[in-house]
Amino acid sequence: MEAATLNSPHFTTLHGPLRSRRSLLKLHSNSISFNSPPANFSVRASATGGGDSAVTLLDYGAGNVQSIRNAIRYLGLNIKDVQTPEDILNAKRLIFPGVGAFAAMMDVLNRNGMAEALHTYIEKDRPFLGICLGLQLLFESSDENGPVKGLGVIPGVVGRFDSSNGCRVPHIGWNSLKVNKDSVILDDVANSHVYFVHSYRAVPSEENEEWISSTCNYGIDFISSIRRGNVHAVQFHPEKSGDVGLSILRKFLLPNSSITKKPLEGKATKLAKRVIACLDVRTNDNGDLVVTKGDQYDVREQTKDNEVRNLGKPVELAGQYYIDGADEVSFLNITGFRDFPLGDLPMLQILRYTSENVFVPLTVGGGIRDFTDANDRYYSSLEVASEYFRSGADKISIGSDAVYAAEEYLKTGIKTGKSSLEQISRVYGNQAVVVSIDPRRQYLTSPYEVGFKSVKVSNLGPNGEEYAWYQCTVNGGREGRPIGAYELAKAVEELGAGEILLNCIDCDGQGQGFDIDLIKLISDAVSIPVIASSGAGKAEHFSEVFSKTNASAALAAGIFHRKEVPIHSVKDHLLKKGIEVRI
């Protein structure tokens, strides 16, 4: 199933390959009213399409498949969804965007009789493109919750990355490819970064070397793509790899296309540090959704009217940041109607419209938790997250709910499996779950004053204090909790978080730099990626956090919204400092 769009019959003509991203983005810049959704708007609708221009899509129902749908349509093609095994056997071009867990995927394929059909289709050398899990299923088995048998087309076992060698797991971000042979779809992209997000990988061997078209290094060399005849599969996500990814998809879907646009020449050699644009979204006093920015979490102007700070329209800004080179875009829903997430149609619309033209990862946070609506219907956090994924989100961010879950886990030592964090991670994989930590610095005269991990601070406190601990907060920083950032980070990693977004209330909106003491403390403590947030005021702050801590990414909001420091200026500066970034 796919998310609905307004005027969907016009999708193909609006999203042909000859239109530029900039002109496409202008289509929706003034077309969304968020006060009341249109009467014919629905959360999900059936995909349509057919004929010679149709691409057959095998969507088994997990994760964000909306992105690959949007990429296919952006290239001017229709989509035919697989309903039966015969649909696979009759496909002219088949894409399998596997998302989620290996065992769950194979169970669905086997129960529906599609595993055998898929194996037959591939063995007959029909045009096939597997993405991420769609590559892994081709191997004999996987160790993920296993061993679990795969399709057995390619010799080898899919195993987990080893974090003991210093690599953070999941492998999240933009990494480089080493193209080994004529890969057809990877022509012209050997020196470019592509987007990976996975915890499991297959490794090269003598038995499978004839299949390997490229490898990538992350602690070890692993298989990043395979090709034999018309059968292709990639471990990375082309639909999330910007112009490079669209070029790859175009070569598979339109091999005879006269369009010769090539991605910019890159100099990729390894995993890049990520620069992320964040958009805090809420309603203003007129009921319109706007992007705003807080000063230590206060989003209102210090004026007589005390109005909500308005820094632009969400879809428009997200599209511009994509054009400017943002590696990811993160939406934080801080508006009042987050108390009813499934009725939060405006935010779902924002995700849908953004994902139509923004082909880098999208994260959304705010209101993702269990709740009961006004009609006493109970919704699990898993159902709420599923709507965000279906609307175009690649990752969801959990805040307050993760704090409560961590507190309970540290108190009892029991993983109940009932928390939002555990439920979503179990179904969609930990790479789809970000935990947002909002701590406030509490100064100490001695590291032994409290029972939480403290650090010796680089800058003394107001009364000359040499130490501090970082108290976690909930409800937008309004309530302090009896748990430290260090303890919370360790606990949520155990509970299934795949990434940590590390804020600092003291630094928020100040423009004086990231809290290096805090970020070093947390990034040294966990083996999952950490995103540094709060405090960026100039390009030098990004190189500082990357050179002094183990942060995998750095996020900013206000300096991008106010055009004080463009994204390309940050990346140019990082390159000059010898820090690898995607260009």
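Residues numbered from 1 in each chain as written. Predicted model: local features only at pLDDT ≥ 70, side-chain atom pairs only at ≥ 80, totals over all residues. Heavy atoms only, no water.

What follows concerns the overall build of the protein chain. When helices and strands are counted, the protein chain shows 18 helices and 29 strands. The proportion of buried residues among the 583 residues of the protein chain is 60%. A sequence separation of at least 24 residues applies to 71% of the contacts in the protein chain between residues at least 6 apart. By element, 46% of the accessible surface of the protein chain is carried by carbon and sulfur atoms, the whole surface being about 23,100 Å². (Helix = DSSP H or I, 4+ residues; strand = E, 2+ residues; numbered from the N terminus. Buried < 20%, exposed > 50% of the residue type's maximum accessible area, 1.4 Å probe, protein only. Contact = heavy atoms within 4.5 Å. Areas by Shrake-Rupley, 256 points an atom, 1.4 Å probe, with all protein chains shown as cover.)

Buried residues dominate strand 12 (residues 212-218), accounting for six of its seven residues. Direction of pairing for strand 9 (residues 178-179) relative to strand 12: antiparallel, over a ladder of two bridges. In the sheet register, Val179 faces strand 12, and the bridge partner there is Ser214. What sits between the antiparallel neighbours strand 12 and strand 13 (residues 220-228) is a turn of one residue, in which Gly219 has the positive phi angle 80°. (Pairing = 2+ DSSP bridges.)

Once that is clear, we can look at the packing of aromatic side chains. Two measures describe an aromatic ring pair: the distance that separates the ring centres and the angle between the ring planes. As enumerated under the stated definition, the model contains 12 aromatic pairs in all. Ring geometry for Tyr74 against Phe359: centres 5.2 Å apart, planes inclined by 70°, an arrangement best described as edge-to-face. Of this pair, Tyr74 sits in helix 3 (residues 66-74) while Phe359 sits in the loop between helix 10 (345-357) and strand 18 (362-365), and the two are 285 residues apart along the sequence. When the centroid spacing of 5.4 Å and the interplanar angle of 85° are considered together, the rings of Phe161 and Phe222 count as edge-to-face. Placement of Phe161 in the loop between strand 7 (154-160) and strand 8 (171-176) and of Phe222 in strand 13 is noted, with a sequence separation of 61 residues between them. Per residue, the accessibility class of Phe161 equals that of Phe222, and both read buried. An aromatic cluster is present here, built from Phe161, Phe196, Tyr218, Phe222 and Phe236 joined pairwise through their rings. Seen from the ring of Phe161, Arg201 lies directly overhead, with NZ or CZ sitting 5.8 Å from the centre. When the ring centre of Tyr486 is taken as origin, the NZ or CZ atom of Lys453, which lies over that ring, is 5.5 Å away. (Phe/Tyr/Trp six-rings, centres within 6.5 Å; stacked < 30°, edge-to-face > 60°. Lys NZ or Arg CZ within 6 Å of the ring centre and 35° of its normal.)

Another aspect to go through is the pairing of strand 22 (residues 433-437). Most of strand 22 sits inside the fold, with five of its five residues counted as buried. Here strand 22 shows two buried faces, one formed by Val433, Val435 and Ile437 and the other by Val434 and Ser436. Of the pairings in the sheet, the one linking strand 21 (residues 395-398) to strand 22 comprises three bridges and is parallel in character. Looking across to strand 22, one finds that Ser397 is bridged to Val434. Sheet analysis places strand 22 next to strand 27 (residues 499-502), joined by four bridges and oriented parallel.

Here we take up the environment of Cys132. Inspection of the secondary structure puts Cys132 in strand 4 (residues 128-132). Looking at Cys132, the relative accessible area reads 9%, which means it is buried. Not counting the four nearest positions on each side in its chain, Cys132 is found in contact with Gly98, Val197, His198, Val234, Gln235, Phe236 and His237.

Mean pLDDT over the protein chain: 85, with 82% of residues reaching 70 or higher. Under a pLDDT of 50 for its full length, residues 1-50 has, in the predicted model, 103 contacts with residues more than four places off or in other chains. In this model residues 294-301 is a low-confidence stretch, pLDDT under 50, and it forms 35 contacts with partners more than four residues away in sequence or in other chains. (pLDDT = per-residue confidence, 0-100.)

Now for the pattern of salt bridges. Counted by the stated rule, this structure contains 22 salt bridges. The partner of Asp394 in a salt bridge is Lys240, and the shortest N-O contact between them spans 2.8 Å. A residue pair is termed long-range when its members are at least 10 positions apart, and Asp394 in the loop between helix 11 (381-390) and strand 21 and Lys240 in the loop between strand 14 (231-234) and helix 8 (242-253) qualify at 154 residues. Classification of Lys240 as buried rests on a relative accessible area of 2%. We note a salt bridge from Arg390 to Glu387, for which the minimum N-O separation is 2.6 Å. With Arg390 and Glu387 both in helix 11 and three residues apart, the pair spans about one turn of that helix. Take Glu387: its relative accessible area is 12%, and that puts it in the buried class. (Salt bridge = Lys/Arg side-chain N within 4 Å of Asp/Glu carboxyl O.)

What follows concerns the sheet that holds strand 9. A sheet is described by the order of its strands in space; here eight strands give the open sequence 2-1-3-4-14-13-12-9, paired in mixed fashion. The sheet terminates laterally at strand 2 (78-81) and strand 9, the two strands that pair on one side only. Inspection of the sheet shows strand 13 paired to strand 14 by four bridges, in the antiparallel sense. Opposite Ser225, over in strand 14, you have Val234 as the bridge partner.

For the rest of this paragraph, the subject is helix 9 (residues 314-324). Along helix 9, the positions that sit buried rather than exposed are Pro314, Val315, Leu317, Ala318, Gly319, Tyr321 and Tyr322. Positioned one or two residues after helix 9, Gly325 has a phi angle of 110°, which is positive.

Now for the sheet that holds strand 7. Here we have four strands laid out as an open sheet, ordered 6-5-7-11, and mixed in their pairing. Among the strands making up the open sheet, the edge pair consists of strand 6 (148-149) and strand 11 (200-201). Pairing analysis gives two bridges linking strand 7 to strand 11, with the strands arranged antiparallel. Across the sheet, Arg160 pairs through a bridge with Tyr200, a residue of strand 11.

Where helix 11 contacts helix 13 (residues 420-428), the two axes come as close as 9 Å, and the packing angle between them is 50°. Taken together, the axes of helix 11 and helix 13 are oblique relative to one another. Note that helix 11 runs across helix 13; the crossing there is right-handed. Touching Ser381, Leu382, Ala385, Ser386 and Phe389 of helix 11 are Ser420, Gln423, Ile424, Val427 and Tyr428, all from helix 13. Counted by class, the contact of helix 11 with helix 13 contains six nonpolar, four polar and no charged residues. (Axes fitted to C-alpha atoms, helices over the stretch in contact; angles between N-to-C directions. Parallel < 35°, antiparallel > 145°, perpendicular 65-115°, else oblique. Left-handed = near helix turned anticlockwise from the far one by under 90°. Nonpolar A, V, L, I, M, F, W, Y, C, P; charged D, E, K, R; others polar.)

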